[in-house]
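# Tertiary structure, described
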Amino acid sequence: MYPVPVAGVRELLVTSGSTMAAAEVARQMSEGARNLSLSGHVGFDSMPDQLVNKSVCQGFCFNILCVGETGLGKSTLMDTLFNTRFEGDPAVHNQPGVHIKSNNYELQESNVRLKLSIVNSVGFGDQINKEESYKSIVEFIDAQFEAYLQEELKIKRTLHNYHDSRIHVCLYFIAPTGHSLKSLDLVTMKKLDSKVNIIPIIAKADSISKNELQKFKIKIMSELVSNGVQIYQFPTDDETVAEINGTMNAHLPFAVVGSTEEIKIGNKMMKARQYPWGTVQVENENHCDFVKLREMLIRVNMEDLREQTHTRHYELYRRCKLEEMGFKDTDPDNKPFSLQETYEAKRNEFLGELQKKEEEMRQMFVMRVKEKESELKEAEKELHDKFDRLKKLHQDEKKKLEDKKKSLDDEINAFKQRKTAAELLQSQAQQSGSQQTLKREKERKNNPWLCTE
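Below or above, wherever it landed, is the structure these notes cover. What you see as residue numbers is a count from 1 along each chain, following the sequence as written. Per-residue local features of the predicted model are confined to residues with pLDDT of at least 70, and side-chain atom pairs are confined, for both listing and counting, to 80 or more; whole-chain, interface and lining totals are unaffected and use all residues. Note that the side-chain values use all heavy atoms of the structure and ignore hydrogens as well as water.

### Some points on the pairing of strand β7 (residues 262-265)
- Two strands are said to pair when DSSP picks up at least two bridges between them. A run of DSSP states H or I qualifies as a helix once it reaches four residues; a run of E qualifies as a strand once it reaches two. Both are numbered from the N-terminal end. As paired strands, β7 and strand β8 (residues 268-275) are joined by four bridges and run antiparallel to one another. Each residue of the ladder has a partner; that of Lys264, found in β8, is Met269.
- Linking β7 to β8, which pair antiparallel, is a turn of two residues; within it Gly266 sits at a positive phi near 70°.

Right, dumping it as structure tokens:
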């Protein structure tokens, strides 16, 4: 019996139209199938090497968020972790609010390049009112998710060379009080646990004794569990790292000490902190958990942190945003919901709302026009009434002026008449006086014997 060709199987499956016929064909194919052994080296076993080479050429990115009060040694720990000295100005305690500061660096170890972003919460916990200290941190994380989502939703995406700024891990620095977590710590971690992988660490662990430190760790984990705070658990599903990760989960939170100073101990130069009572070696596991943190964060679980950020936290943010936009996987009848149908539904809904708003605006415009017309009519009526009043007042004033002018004209005419009469009387008097004078002179001339007294 010859094996049935694949094309022939497809034709039989399409043309048979019967489930039984398709099953029979599949059975015959399985019975007639031959197992072939390779006669030589093909080369698909080099696929992992190809992926490694491609990833190495592209490089990797890793973004760390450091959250904690000022003065807990966040910058010093970052310098110690990556065995370098990052540039940065020391933070001050007089910040009016929490300011997010991000610094990008490019590191290279062997032939592997790493784009490292260290994000620091400057001024966290320094304010008197700490109620909204976490908001700027949450907004920053959401902004990075939103930027990646906008790039993902573009028609022409460039995710292969897109600088991923999403936060992969949050190192939450806890003050070494030895008592319990502060309310600010619990509230902040509760707000961040669904958005980022949280690894709690006890900063400056050399300031607390070993017995108190162990009790402090137990107290911290108990408070986190009782308050429902989900911190990052190192994965135990991979057999190669299951044992070490399971052991390290029991050591959380890590008690760390950071230092960039090297002190000669024996015949070796080691990073340590020198005190009057002795020396604390940063890389000595009997002194602190710095080595455990570095192994878990960088050497063992860095890729898992990146994967958890994408598959868990970013997917949760993406799902919530798409649901807010009205996109769903199924309709009310649990049937597949296509993107085109969702788009058309949202478009129709948007057009309906737009028309509704347009009609409301038109009605509002008409109402406003009517109100304005009525106001203008009232104003016009008031202006006409005012004009009539002013006109009547003007006429009255004009009449009064005319009457006053007439009376003044009458007085002037009477005065002129009296003046004329007075002038006439004066001229008559002057004439009579001159006649008498002439008469006396004439009599004096005619009678020279008359003498004047």
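From this point on, the discussion continues.
### Concerning the sheet that holds strand β5 (residues 198-202)
- Spatial strand order, β2-β3-β1-β4-β5-β6: six strands in an open sheet with mixed pairing. Because the sheet does not close on itself, it has two edges, and the strands there are β2 (99-109) and β6 (254-255).
- Note that β2 and strand β3 (residues 112-122) share 11 bridges and pair antiparallel. In the strand pairing of β3, Tyr105 is matched with Leu116.
- Packed onto the sheet, helix α6 (residues 183-192) meets β1 (60-67), β4 (169-174) and β5 and runs at close to 170° relative to β4. Throughout, a residue-residue contact means that at least one pair of heavy atoms, one from each residue, lies within 4.5 Å. Lines fitted to the C-alpha atoms define the axes, with helices restricted to the stretch that makes contact. Angles between their N-to-C directions range from 0 to 180 degrees.

### Describing the nonpolar core
- Side-chain atoms within 4.5 Å are what join buried Ala, Val, Leu, Ile, Met, Phe, Trp, Tyr and Cys residues into a set we call a nonpolar core. Exposed residues in this analysis have more than 50% of their type's maximum accessible area, buried residues have under 20%, and partly exposed residues fall in between, with area computed by a 1.4 Å probe over protein chains only. Ranked by internal contacts, the top residues of the largest apolar core, which has 74 residues, are Leu171, Ile199 and Phe254.
- Here the element with the most residues in this core is helix α5 (residues 135-152); it accounts for seven residues.
- Setting aside residues no more than four positions away along its own chain, Leu171 makes contact with Ile64, Leu65, Cys66, Val67, Met78, Leu81, Ile199, Ile201, Leu293 and Leu297.

### Some details on the packing of aromatic side chains
- Any two of the Phe, Tyr and Trp rings considered here, Trp counted by its six-membered ring, make a pair once their centres fall within 6.5 Å; the pair's planes then place it as stacked at under 30 degrees, edge-to-face at over 60, or tilted in between. Enumeration over the complete set of coordinates arrives at 10 aromatic pairs.
- Ring centres of Phe124 and Tyr172 lie 6.3 Å apart, and the angle between their planes is 85°; this geometry places the pair in the edge-to-face category. Placement of the pair is Phe124 in the loop between β3 and α5 and Tyr172 in strand β4, with a sequence separation of 48 residues.
- Its relative accessible area of 0% is what places Tyr172 among the buried residues.
- Ring centres of Tyr148 and Tyr162 lie 5.7 Å apart, and the angle between their planes is 65°; this geometry places the pair in the edge-to-face category. Of this pair, Tyr148 sits in helix α5 while Tyr162 sits in the loop between α5 and β4, placing them 14 residues apart in sequence.

### Observations concerning a nonpolar patch on the surface
- Together, Phe350, Leu351 and Leu354 make up a nonpolar patch on the protein surface, roughly 270 Å² of accessible area in all.
- For Leu351, the location among the structural elements is in helix α11 (residues 339-446). Here a patch means residues that are over 30% exposed by relative accessible area and free of salt bridges, tied together within 9 Å if like-charged and within 5 Å if nonpolar (Val, Leu, Ile, Met, Phe, Trp, Tyr). Every accessible area reported is derived by Shrake-Rupley at a probe size of 1.4 Å, with residue values counting cover from the shown protein chains alone. When a carboxyl oxygen of Asp or Glu is within 4 Å of a side-chain nitrogen of Lys or Arg, the pair counts as a salt bridge.

### Some points on the layout of surface pockets
- Lining residues are those with an atom within 4 Å of a point, where the points come from a 1 Å grid over the protein atoms alone and group into cavities, where a 1.4 Å probe fits but cannot get out, or pockets, open sets with protein on both sides within 12 Å along at least five of seven lines. Grid points are joined across faces, edges and corners, and a volume is the space filled by probe spheres set on the points. For the largest pocket, the calculated volume is near 720 Å³.
- Considering the residues around the largest pocket, the lining is formed by 25 residues, among which Glu109, Leu114, Ile298, Arg299 and Met302 are closest to the centre.
- When contributions to the lining of the largest pocket are tallied by element, the ones reaching two or more residues are β2, β3, α9 (290-300) and α10 (302-324).
- By residue number, the principal contributor to the lining of the largest pocket is α9, which donates five residues.
- Charged means Asp, Glu, Lys or Arg here, nonpolar means Ala, Val, Leu, Ile, Met, Phe, Trp, Tyr, Cys or Pro, and polar covers whatever is left, Gly included. Tallied by class, the residues present in the lining of the largest pocket amount to 11 nonpolar, four polar and 10 charged.

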